[in-house]
Amino acid sequence: MTLAITNTFTINGIDAIPVRVECDVMNGLPAFEIVGLASIAVKEARERVRSAIKNSGFEFPNRKIVVNLSPADVRKEGSHFDLAIATGILLASGQVEPAEIPSFYQAGELSLNGELRAVSGILPMALELAGKNGSFNFLVPDANKDEAAIAGELGVYPFSSLESVVSFFNGEQRMECYENADWSGVKPSSRELDYLDVKGQESAKRALQIAAAGLHNIVLIGPPGSGKTMLARRITSIMPEMNREEMLETTRIYSSAGLLNAVRPIIRERPFRSPHKNASSASIIGGGKVPRPGEISLAQNGVLFLDELPEFNRDVLEALRQPMEDKVVSIARAHATLTYPARFALVAACNPCQCGNYGSDQECRCSPLQINKYLGRISGPLMDRIDLQVEVGRPAIGNLTGSHSGKSSAELLNQVISAREIQASRYARSKISLNSEMRPSDLRRHCRMQSEAEELIKSAFLRLKMSARAYDRILKMARTIADMEESAHIQTAHVSEAIQYRSLDRKYWAQF
């Protein structure tokens, strides 16, 4: 009997931290202890590991076993420690050859019969291991092999049971390194939703095109049946396909949240998250007893759609303000502060009042007090962070019965891709990549305006009593509109169009 050491990881947010598993099998009364700030789920591994070892045909030591998870001051969560603990015990009891184990990191949950089951967080672990630039290998459940392989630059060895793992370490079974995922085989999305399905509403389509080009936030306001939800759900059809880096960023979050499987090991399409209006703050922002990414992080590089915006809990809406500004969200807990990415476009839809007819051609049955109370659920600071505020009216009968429905998603997409390429070139040496992410220094450098355009925005700032944030967001929108027109300088028409998207809060909110 001796001390054995194996290696695994623990997940902290979306980051993986290496964990050294020290297994000591010693003389004494039979006992099995796991120490090192282990959660209840990790401590439950004792019974799983005991049964898995016995049912796989190996001997479980009838001695005192102490397993230490180092570093001991880092919280350990999850069921993926099972495999490293089991192989450590078998190594310490002389049932596994020690030659190969030190070069392997291991992760996997064991069933009572010794089967190796899929776990969450494999991609962050693989990325951490690939970044070490060493001769390390990663031993994973067979169901996680594609997820681990997309990290590249490391050897991935998939197994289906504890018995096959031990046979491999003892040289009784030969296993080839699993080949890296073929990124050249990533196909574009089917894009089943198309703006050809939407009759009329050309101005709203134009606003959504601008939002897609610069990843700007947008709210659609209008009566029921005007097509707000239909318009919003098609925005990803005019957003460019994600590149490899964006796929890895998004997949990493889904891996940490346990939302991947063998059928979908990679997130290839831009996310479109649409939480219910009764969703809690923890489900949207992130958190919980065991912190998990929320909807705003699951919408990374894509869209967060909030239908019936005023119906959401006020605390949830106010919690969106910081992530919308900083593109990250921090969740403080007693043992750690976790940071999740939150780079998304907020697309919201709402009625102007409870009956939905305020400001339309239909009679509104709501009193001024009711309208004020309904719209007041959306605070001024939140509206100030929404770049485009678009009114969507009921479509005319001619649009519904006619055959022409304007541009298709493919046509709108071409202009968006062109604008994205201009932004990618402009910010190639910067930490940002889109106009909506520009900082004050970037605005001074990249938002050069014609003199007439500068006078127009100054006049609008004074007349509409804008905030400094609104001024900056108009500049960002104008820059995006100019990019869509392939214009190096921001012209008067670009500023004028951007200003008109910031006027609805005066119409609906300033009346009361």
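Refer to the preceding data block for the structure.
1. Re the overall build of the chain
On a plain count of helices and strands, the chain comes out with 22 helices and 18 strands. Along the first, second and third principal axes, the C-alpha atoms of the chain reach 85 × 45 × 45 Å. Expressed as a percentage of the 512 residues in the chain, the buried residues total 52%. Long-range contacts, defined as pairs at least 24 residues apart, comprise 74% of the intrachain contacts of the chain with a sequence gap of at least 6.

2. Some points on the pattern of salt bridges
Inspection of the entire model under this criterion finds 30 salt bridges. Note that Arg 314 and Glu 318 form a salt bridge whose closest N and O atoms lie 3.5 Å from each other. Taken together, the positions of Arg 314 and Glu 318, both in helix 12 (residues 314-319) and 4 residues apart, correspond to about one turn of that helix. Residue Arg 314 is classed as partly exposed on the basis of its relative accessible area, which comes to 40%.

3. Things to note about the side chain of Asp 194
As for its position among the elements, Asp 194 is in the loop between helix 6 (162-169) and helix 7 (202-214). There is no salt bridge for the buried Asp 194, and the closest opposite charge comes from Arg 234, which lies 6.8 Å off by N-O distance. In this structure the side chain of Asp 194 is engaged in a polar contact, spanning 3.1 Å, whose partner is the backbone nitrogen of Ser 409. Beyond its immediate sequence surroundings of up to four residues, Asp 194 is in contact with Arg 234, Ser 408 and Ser 409.

4. What to know about the sheet that holds strand 14 (residues 303-307)
Taken together, 5 strands build an open sheet; the order of strands is 11-14-17-10-18 and the sheet is parallel. Among the strands making up the open sheet, the edge pair consists of strand 11 (272-273) and strand 18 (388-391). Sheet analysis places strand 14 next to strand 17 (residues 345-350), joined by 5 bridges and oriented parallel. Pairing of Leu 306 across the sheet is with Ala 348, part of strand 17. Against the sheet, helix 7 touches strand 10 (218-221) and strand 18, its axis set at about 165 degrees to strand 18.

5. Quick notes on unusual backbone geometry
That bond from Ser 70 to Pro 71 is cis: its omega, 10 degrees, falls within 30 degrees of zero. Tracing the chain through its elements places Pro 71 in the loop between strand 4 (64-70) and helix 3 (82-92). The phi dihedral of Asn 301 is positive, around 65 degrees, even though this residue is not glycine. Locating Asn 301 in the fold gives a position in the loop between helix 11 (295-298) and strand 14.

6. Here we look at the packing of aromatic side chains
Under the defined criterion, the tally for this structure stands at 12 aromatic pairs. Here the aromatic rings of Phe 9 and Tyr 105 are separated by 4.8 Å at their centres, their planes lie at 25 degrees, and the arrangement is stacked. Pair noted here: Phe 9 is in strand 1 (residues 3-12) and Tyr 105 is in strand 5 (residues 104-106), with a separation of 96 residues, a long-range link. Classification of Phe 9 as buried rests on a relative accessible area of 0%. Of the residues examined, Tyr 105 reaches a relative accessible area of 8% and is grouped as buried. Here Phe 272 and Phe 305 contribute two aromatic rings whose centre-to-centre distance is 5.7 Å and whose plane-to-plane angle is 35 degrees, an arrangement assigned as tilted. You can see Phe 272 sitting in strand 11 and its partner Phe 305 sitting in strand 14, a full 33 residues away along the chain. Members of the aromatic cluster, joined through ring pairs, are Phe 104, Tyr 157, Phe 159, Phe 168 and Phe 169.

7. Some thoughts on the environment of Gly 114
With respect to the element layout, Gly 114 can be found in the loop between strand 6 (109-110) and strand 7 (116-117). Here the alpha-carbon distance between Gly 114 and Val 49, two residues 65 residues apart in the chain, equals 8.2 Å. Beyond its immediate chain neighbours, meaning those up to four positions away, Gly 114 contacts Ala 52, Ser 56, Ser 161 and Leu 162.

8. A short note on the side chain of Glu 437
Mapped onto the elements, Glu 437 comes out in the loop between helix 17 (409-426) and helix 18 (440-446). Taking relative accessible area as the criterion, Glu 437 reaches 13% and is therefore assigned buried.

9. Describing the pairing of strand 14
Burial of strand 14 is extensive: 4 of the 5 residues sit out of reach of the surface. Direction of pairing for strand 11 relative to strand 14: parallel, over a ladder of 2 bridges. Note that in strand 14 the partner of Phe 272 across the bridge is Val 303.

10. Some remarks on helix 3
Each α-helix winds once per 3.6 residues, and so residues spaced three or four apart point in a common direction. Counting buried positions along helix 3 yields 11 of 11 residues, so the element is predominantly enclosed. Those residues of helix 3 lying buried are Asp 82, Leu 83, Ala 84, Ile 85, Ala 86, Thr 87, Gly 88, Ile 89, Leu 90, Leu 91 and Ala 92.

11. Quick notes on the nonpolar core
Among the nonpolar cores identified, the biggest contains 58 residues, and Phe 138, Ile 296 and Leu 320 are the most heavily contacted of them. It is helix 4 (residues 122-130) that contributes the most residues to this core, 6 residues altogether. Residues Ala 204, Val 416, Ile 481 and Ala 498 belong to the second largest nonpolar core, which totals 52 residues.

Conventions used here
- Residues numbered from 1 in each chain as written.
- Predicted model: local features only at pLDDT ≥ 70, side-chain atom pairs only at ≥ 80, totals over all residues.
- Heavy atoms only, no water.
- Helix = DSSP H or I, 4+ residues; strand = E, 2+ residues; numbered from the N terminus.
- Buried < 20%, exposed > 50% of the residue type's maximum accessible area, 1.4 Å probe, protein only.
- Contact = heavy atoms within 4.5 Å.
- Salt bridge = Lys/Arg side-chain N within 4 Å of Asp/Glu carboxyl O.
- Lys, Arg positive; Asp, Glu negative; His and termini not counted.
- Polar contact = N/O pair within 3.5 Å; in protein donor to acceptor, adjacent residues only side chain to side chain.
- Pairing = 2+ DSSP bridges.
- Axes fitted to C-alpha atoms, helices over the stretch in contact; angles between N-to-C directions.
- Phe/Tyr/Trp six-rings, centres within 6.5 Å; stacked < 30°, edge-to-face > 60°.
- Core = buried A, V, L, I, M, F, W, Y, C linked by side-chain atoms within 4.5 Å.

Function-wise, these values are silent; they only describe arrangement.
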